[in-house]
Amino acid sequence: MPDQITDLTDDYSRWYNEVIEKAQLADHSPVRGCMVIRPYGYALWENMQAHLDARIKATGHLNAYFPLFIPESLLQSEAEHVAGFNPEVAWVTHGGQEELHERLAVRPTSEAIILSMYAKWVQSWRDLPILINQWANVVRWEKRTYYFLRTTEFLWQEGHTVHRTQDEAMEEVLRMLDVYRDFAETELAMPVITGRKSEAEKFAGAASTFTVEAMMGDGKALQAGTSHFFGQQFARAFNIEFLDVDGERRHAWTTSWGASTRLVGGLLMTHGDADGLKLPPHVAPYQVVIVPIFRNEEDREGVHTAIESILASLRGRVRCYVDWSDKTPGWKFNEWEVKGAPLRLEIGPRDVAQGQVVAVRRDTRAKEAISMSTIPDRLPDLLDEIQHALYNAALAFREAHTHHVRSIDEIADLIETERGFYWAPWCGSATCEEQVRARTGATLRCIPLEGGDEGGSCIACQGPAPQTAIFARSY
Ligand SMILES: [Zn+2]
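Described below are features of the structure shown in this document. (Residues numbered from 1 in each chain as written. Predicted model: local features only at pLDDT ≥ 70, side-chain atom pairs only at ≥ 80, totals over all residues. Heavy atoms only, no water.)

### Topic: the overall build of the protein
Looking only at helices and strands, the protein features 14 helices and 23 strands. Computed over C-alpha atoms, the radius of gyration of the protein comes to 25 Å, within 12% of the 23 Å expected from 2.2 N^0.38 for 475 residues, which places it in the range of a compact globule. In terms of overall dimensions, the protein has C-alpha extents of about 80 × 55 × 50 Å along its principal axes. Within the span of the protein, comprising 475 residues, buried residues form 54% of the whole. Taking the contacts inside the protein whose residues are at least 6 apart along the sequence as the reference set, 70% of them involve residues at least 24 apart. (Helix = DSSP H or I, 4+ residues; strand = E, 2+ residues; numbered from the N terminus. Rg over C-alpha atoms; globule rule 2.2 N^0.38 Å. Buried < 20%, exposed > 50% of the residue type's maximum accessible area, 1.4 Å probe, protein only. Contact = heavy atoms within 4.5 Å.)

Printed below as a string of structure tokens:
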């Protein structure tokens, strides 16, 4: 048997690292802070990417690609933005032996390079809106790194749009927030809360930032995607002006929105258990893993023929993998459990004789004998059931770890033993927000768009609290 994985209740972050390595999602690289995404992890990311890309295109956006290098002067065009990113920018100072006249930033995010191009492309209201997305890598010089959640280089998509009016831009921001919500819930089986970030937590230079927040298996929050409204601030900094319908020259309204490979880590921490990953069928590299069981060549022959006919009946509908490797069946069961394949099919000579296979669910371990003739109907149904069961389990977990509190003391008393989301009335002041963080280590995750009518007085200052905020420790 492969080595045991650390108990996740003993040491969650060790469990996380071990599962990533044993499931072969990623490995450390010779470059400090950078990881290698291995084929199994990359296949998972590609499936996630395909679902998200389809939604980005269905909402009217086109993909494009902008340079990896950003001239320093361009990055400095927007003061708050550059101040927010400066500490983590990697700089290119030489080309070959020659020192550059101007340093080039290795893109930490692309507002500067993309908006400077938009300034050239936008002249009249007829050129608007611009709806472009980019899939790319970005670099942020992180001091402490963590597989997928925080690495110096990571992969993501960043949408950057320009609009004629404020309303149109805000509509775009909320539309993309809902795209992230729908993607997370439908494809990743990851329930999320949509909300607005506080002033302290918003993106550097944004007028407002919206977020989808998910709860991980240790009760901590993970920001799973963000959508930013920039007002006209970036359009002013990058000179995106246009001749409006009424003949007046005006600054445009811009937005940006992004989601990254940290979602791979989020997926593991939403569904994983003591035995490893549990992948939602919609994004699993292999939805069904078939383990052939045989003792001799004659048995192998029969099993092989049966498997070929199963594969033919599922082709183009279900992603299957047959594990013909020389490991023992028990070893294979264990390995595919660590890798989180949603469904395992066991098929041996006795099954062949009875015209059936044994299906084992990764999420519940439930076993079911399925006759060969009903496989093409039953397997897709079973995968649907697993997809929904994972979502429901994650939602039930979040609800069980959600607390409605009235004071900082309540959070402070509970949070060491009861990680989770703390919904609390909040007056809106940054001082109160900081008090909560200092006392409890919980940051303000968002002001939820729905269900935030707690009423009452601020948990910190006891003043009037017109809104509810969610506090949690986070990744
Ligand atoms: Zn307050």
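### Overview of the pattern of salt bridges
In this structure the tally under the stated criterion is 31 salt bridges. Between Lys327 and Glu335 there is a salt bridge; the shortest N-O distance is 3.1 Å. For Glu385, the salt bridge identified is with Arg361, shortest N-O distance 3.6 Å. Placement of Glu385 in helix α12 (residues 375–400) and of Arg361 in strand β18 (residues 356–361) is noted, with a sequence separation of 24 residues between them. Sharing partners across several salt bridges, the network here consists of Asp273, Asp275, Lys278, Glu337, Arg344, Glu346, Arg362 and Arg365. (Salt bridge = Lys/Arg side-chain N within 4 Å of Asp/Glu carboxyl O.)

### Regarding the sheet that holds strand β6 (residues 98–106)
With antiparallel pairing, three strands are arranged side by side in an open sheet as β4-β6-β5. Looking at which strands have only one partner, the edges of the open sheet turn out to be β4 (69–71) and β5 (90–95). On average, each strand axis in the sheet is tilted by 45 degrees relative to the strand beside it, whichever way the strands run. (Pairing = 2+ DSSP bridges. Axes fitted to C-alpha atoms, helices over the stretch in contact; angles between N-to-C directions.)

### Section: unusual backbone geometry
Here the bond from Leu128 into Pro129 is cis, since omega is -5 degrees, no more than 30 degrees from zero. Residue Arg365 is not a glycine yet carries a positive backbone phi of 70 degrees. With respect to the element layout, Arg365 can be found in the loop between β18 and β19 (367–371). Despite not being glycine, Gln462 has its phi angle at roughly 65 degrees, a positive value.

### Looking at the packing of helix α1 (residues 12–22) against helix α8 (residues 262–271)
At a minimum axis distance of 11 Å, the contact between α1 and α8 shows a crossing angle of 115 degrees. Between α1 and α8 lies a crossing of right-handed hand. Only Gly265, Leu268 and Met269 of α8 make contact with α1, whose side of the interface consists of Tyr12, Trp15, Tyr16, Val19 and Ile20. When grouped by side-chain class, the residues that make up the contact of α1 with α8 number seven nonpolar, one polar and no charged. (Left-handed = near helix turned anticlockwise from the far one by under 90°. Nonpolar A, V, L, I, M, F, W, Y, C, P; charged D, E, K, R; others polar.)

### Here we look at the packing of aromatic side chains
Summed over all chains, the structure comprises 18 aromatic pairs. Geometrically, the ring pair formed by Tyr40 and Trp336 is edge-to-face, given 6.2 Å between the ring centres and 70 degrees between the ring planes. Taken together, the residues Tyr40 in helix α2 (residues 39–58) and Trp336 in helix α10 (residues 329–338) connect sequence positions 296 residues apart. A relative accessible area of 7% places Tyr40 in the buried class. (Phe/Tyr/Trp six-rings, centres within 6.5 Å; stacked < 30°, edge-to-face > 60°.)

### Concerning the coordination of the zinc ion
At this site the zinc ion is bound by Cys427 (SG), Cys432 (SG), Cys458 (SG) and Cys461 (SG), with donor distances of 2.3 to 2.4 Å. Note that the zinc ion binds four donor atoms; their angles at the metal cover 106 to 114 degrees, and the shape is tetrahedral. Positions of the donor residues of the zinc ion along the chain correspond to the pattern C-x4-C-x25-C-x2-C. Of this pair, Cys427 sits in the loop between β21 (421–426) and α14 (430–440) while Cys461 sits in the loop between β22 (443–448) and β23 (467–472), and the two are 34 residues apart along the sequence. Judged by relative accessible area, which is 23%, Cys427 ranks as partly exposed. Residue classification places Cys461 among the partly exposed positions, given a relative accessible area of 43%. (Donors = N, O, S within 2.8 Å, 3.2 Å for Na, K, Ca; no water. Tetrahedral: all angles 85-135°; square planar, octahedral: opposite > 155°, others 65-115°.)

### Things to note about the layout of surface pockets
In this model, the largest pocket occupies a volume close to 1,100 Å³. In this structure, the largest pocket is lined by 36 residues; those nearest its centre are Glu88, Arg140, Phe203, Gln223 and Arg262. When grouped by side-chain class, the residues that make up the lining of the largest pocket number 12 nonpolar, 13 polar and 11 charged. (1 Å grid on protein atoms, 1.4 Å probe; cavity = no way out; pocket = protein on both sides within 12 Å on 5 of 7 lines; lining within 4 Å. Points joined across faces, edges and corners; volume = space filled by probe spheres on them.)

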